[in-house]
Amino acid sequence: MNIQDTLSSTEQKVDNSEKIKIYLCGVTVYDESHIGHARTIIVFDVLRKYLENKKKEVELIQNFTDVDDKIINRANDEGIPAHEISKRYIENYFRDFDQLNIKRATNYPKATEHIEDIIEFIKKLIEKGIAYPSENGVYFSVSKFPEYGKLSKKKIDELKSGSRIQVDETKKDPLDFAVWKFSDVGPTWESPWGKGRPGWHIECSVMSMKYLGGNFDIHGGGRDLIFPHHENEIAQSEAHSDGKFAKIWMHVGMVTIAGEKMSKSLGNTKSIKYVLENWGPNIIRLFCLSGHYSKVLDYSEEMLKENLTKWRQVETCYFELIHANSDQQENISEKIRNISTEFDKSLEDDLNTHLALSSFFELVKETNRLAAEEKLGIENSLIIKKEFERIAQILGLNIPEMSQEEKQKIDNLILNRKKCREQKQFEEADRIRDQLNEMNVELIDHKQKTIWMKKEKIKSEK
RNA sequence: GGUACUCUGGCAGAACGGUUAUGCGUGAGCCUGCAAAGCUUAUACAAGGGGGUUCGACUCCCUCGGGUACCUCCA
């Protein structure tokens, strides 16, 4: 499998070893997660599930930044301790992402639980003369790391001249960034240099190396993290270990809304909670996977609606498969094998989910065609269903299970309706159909039989 | 200003040096008691502008222009 690497600007082969180690920069837990966060995490979820489908063991580490000025500000606004803010939003995070059918990461380390490791890490940087304590904190000396700027393709000189940040006189160089900030208020920890809290970037260097070691396979996150976050991580980590930090840097494009980046500061976010309520997890996933992960994705209700149409086709396909009982068989196995190969090929090539989805819809269409022509036999349906389930699993699409009682009830109602129709009691037949519709059950009348599908309830429909 | 990404039909969106996917939408038809869903089929002057390389470019190069992101809050 190849992934575009931001650092080398080339496609790189994902290591073929048995175990793939991935570090994904998670969220700062100070507010509700939005669709932008969802996209990044869905992309990595698909990457992971694909690799696992290929029998790779994946170790996925995703951090929570749980100490940060934003968290502290919010805590001050609400008059409660900072850890209560982070606790609340970590809970909300799992509420949202479990619903989005994201497989839980191997571990979700938190900055506040790794203060000792962070201090040790900083100690070594100071010993090596790469970091230095100053009046307001401990700083990383950018000039000591000649390769600084290699990820974001920035020249140190240009950064200096273009620098619009306030110059902190206590720093040796305006580009130097804090690895430890002195503070007396908010959550603080003792350190050899003074009371305070870690800088933002240091936690990812420390935790990724702690859990994955040096030179792990993929380090990822949103595009907006390239600079300064990932640039600084590389500097700290490689200065610390003298070895290569991550093999591949994978960055997911921004979600925009009306052409503008979705972000808290612009106040144009759509929270996952809100979108889930209105569209449900499957449509969100289809939407987030509808373009290449590296490109910008523009959020709009129209696009979600388009994906609703697609999702209904997927549901139809699934229910046709489980109700298949025709005698006629068309030889389908080669076609399905080709679809399967194409699907994998698309993902192998820099996780091209859009092309992969095209293959999936080919399978859906083929199934629905056979069903429409009353040619979907049990044997074929089993072949197709196996592939359908494999693909759905990788993409994280999920058709909710139903209870036996509910199925029984539906079957009985359909039987009654059939009798009514045979006796041309259409009013009664339509009443039963309406009753089923209220249960989100839609009937599909074929020539020989009627099948049903249980549709996911989508609030925004109609 | 610097850097990166980007500009494909009404919309979304891929691949590819020669045939320009796919989906949505739209039209027609099939099926139906009527619907719905589905299927079949049709539909599109498609490549920001201008140069160049080439027998041939949407695909490579140059140039001009538009958009977005980042340039110490950010997924």
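Residues numbered from 1 in each chain as written. Chains lettered and ligands numbered in written order. Predicted model: local features only at pLDDT ≥ 70, side-chain atom pairs only at ≥ 80, totals over all residues. Heavy atoms only, no water.

Topic: the pairing of strand E4 (residues 57-62)
Taken residue by residue, a regular strand's side chains alternate between the two faces of the sheet.
Point 1. With 5 of 6 residues buried, E4 is to be regarded as a mostly interior element.
Point 2. Sheet topology places strand E3 (residues 19-24) next to E4; 6 bridges connect them, and they run parallel. Note on E4: the bridge partner recorded for Leu24 is Gln62.
Point 3. Read as a crossover between parallel neighbours, the route from E3 over helix H1 (residues 35-53) to E4 is right-handed. (Buried < 20%, exposed > 50% of the residue type's maximum accessible area, 1.4 Å probe, protein only. Helix = DSSP H or I, 4+ residues; strand = E, 2+ residues; numbered from the N terminus. Pairing = 2+ DSSP bridges. Right-handed = clockwise from strand over helix to strand, strands pointing away.)

Some points on the sheet that holds strand E9 (residues 216-222)
Point 1. Read across the open sheet, the 4 strands follow the order E4-E3-E9-E10; overall the sheet is parallel. Looking at which strands have only one partner, the edges of the open sheet turn out to be E4 and strand E10 (246-252). Pairs of neighbouring strands in the sheet enclose a mean axial angle of 20°, with direction left out of account.
Point 2. Pairing of E9 with E10, which is carried by 6 bridges, proceeds in the parallel orientation. Counterpart to Ile218 in the pairing with E10 is Ile248. (Axes fitted to C-alpha atoms, helices over the stretch in contact; angles between N-to-C directions.)

Structural notes on the confidence of the model for chain A
Point 1. On average, chain A scores 94 in pLDDT, and the residues at 70 or more come to 98%.
Point 2. Model confidence for chain A, summarised as mean pLDDT per element, is weakest for helix H5 (residues 156-161) at 74 and strongest for E4 at 98. (pLDDT = per-residue confidence, 0-100.)

Digging into the protein's contact with RNA strand B
Point 1. Taken together, 59 residues form the shell around RNA strand B, and within it Trp200, Gly222, Leu225, Lys261 and Asp445 come nearest.
Point 2. At the protein interface, 60% of the atoms of RNA strand B within 4 Å belong to sugar or phosphate.
Point 3. Between Lys295 and RNA strand B, the recorded distance is 3.3 Å, taken from a side-chain N or O atom to a phosphate oxygen.
Point 4. Per-element accounting of the surface near RNA strand B gives the leading share, 7 residues, to helix H11 (residues 353-372). (Near = heavy atom within 4 Å. Polar contact = N/O pair within 3.5 Å; in protein donor to acceptor, adjacent residues only side chain to side chain.)

Comments concerning the pattern of salt bridges
Point 1. Per the stated rule, a full pass over the model turns up 45 salt bridges.
Point 2. Residue Glu113 is joined to Lys110 by a salt bridge in which the shortest nitrogen-to-oxygen separation is 3.7 Å.
Point 3. Taking relative accessible area as the criterion, Glu113 reaches 54% and is therefore assigned exposed.
Point 4. Taking relative accessible area as the criterion, Lys110 reaches 21% and is therefore assigned partly exposed.
Point 5. Among the charged side chains, a network of salt bridges with common partners joins Glu330, Lys335, Glu366, Arg369, Glu373 and Lys375. (Salt bridge = Lys/Arg side-chain N within 4 Å of Asp/Glu carboxyl O.)

With respect to the nonpolar core
If you look at soluble globular proteins, the nonpolar side chains tend to sit buried side by side.
Point 1. Membership of the largest hydrophobic core comes to 104 residues, with the highest contact counts inside it found for Leu47, Leu351, Phe360 and Phe388.
Point 2. The element contributing the most residues to this core is H1, with 10 residues.
Point 3. Aside from chain neighbours lying at most four places away, what touches Leu47 is Met1, Ile3, Ile22, Ile218, Met250 and Leu351.
Point 4. Membership of the second largest hydrophobic core comes to 39 residues, among which are Ala131, Leu159, Met209 and Ala235. (Core = buried A, V, L, I, M, F, W, Y, C linked by side-chain atoms within 4.5 Å. Contact = heavy atoms within 4.5 Å.)

Let's talk about the packing of helix H9 (residues 301-323) against H11
Point 1. Axis separation between H9 and H11 bottoms out at 9 Å; the angle between their running directions is 50°. Here H11 runs oblique to H9, going by the angle between their axes. Like other packed secondary-structure pairs, H9 and H11 cross with a definite hand, here left-handed. Between H9, through Lys310, Gln313, Val314, Thr316, Cys317, Glu320 and Leu321, and H11, the contact on the second element is made entirely by Phe360, Phe361, Leu363, Val364, Thr367, Asn368 and Ala371.
Point 2. Here the residues of the contact of H9 with H11 are counted per class, giving 8 nonpolar, 4 polar and 2 charged. (Parallel < 35°, antiparallel > 145°, perpendicular 65-115°, else oblique. Left-handed = near helix turned anticlockwise from the far one by under 90°. Nonpolar A, V, L, I, M, F, W, Y, C, P; charged D, E, K, R; others polar.)

Details of the environment of Ala239
Point 1. Mapped onto the elements of the fold, Ala239 is located in helix H7 (residues 226-241).
Point 2. Residue class for Ala239 comes out buried when judged on its relative accessible area of 7%.
Point 3. Placed 175 residues apart in sequence, Ala239 and Phe64 show a C-alpha to C-alpha distance of 24 Å.
Point 4. When sequence neighbours within four positions are dropped, the list of residues in contact with Ala239 reads Leu125, Lys128, Ile130, Phe140, Phe145 and Ile234.

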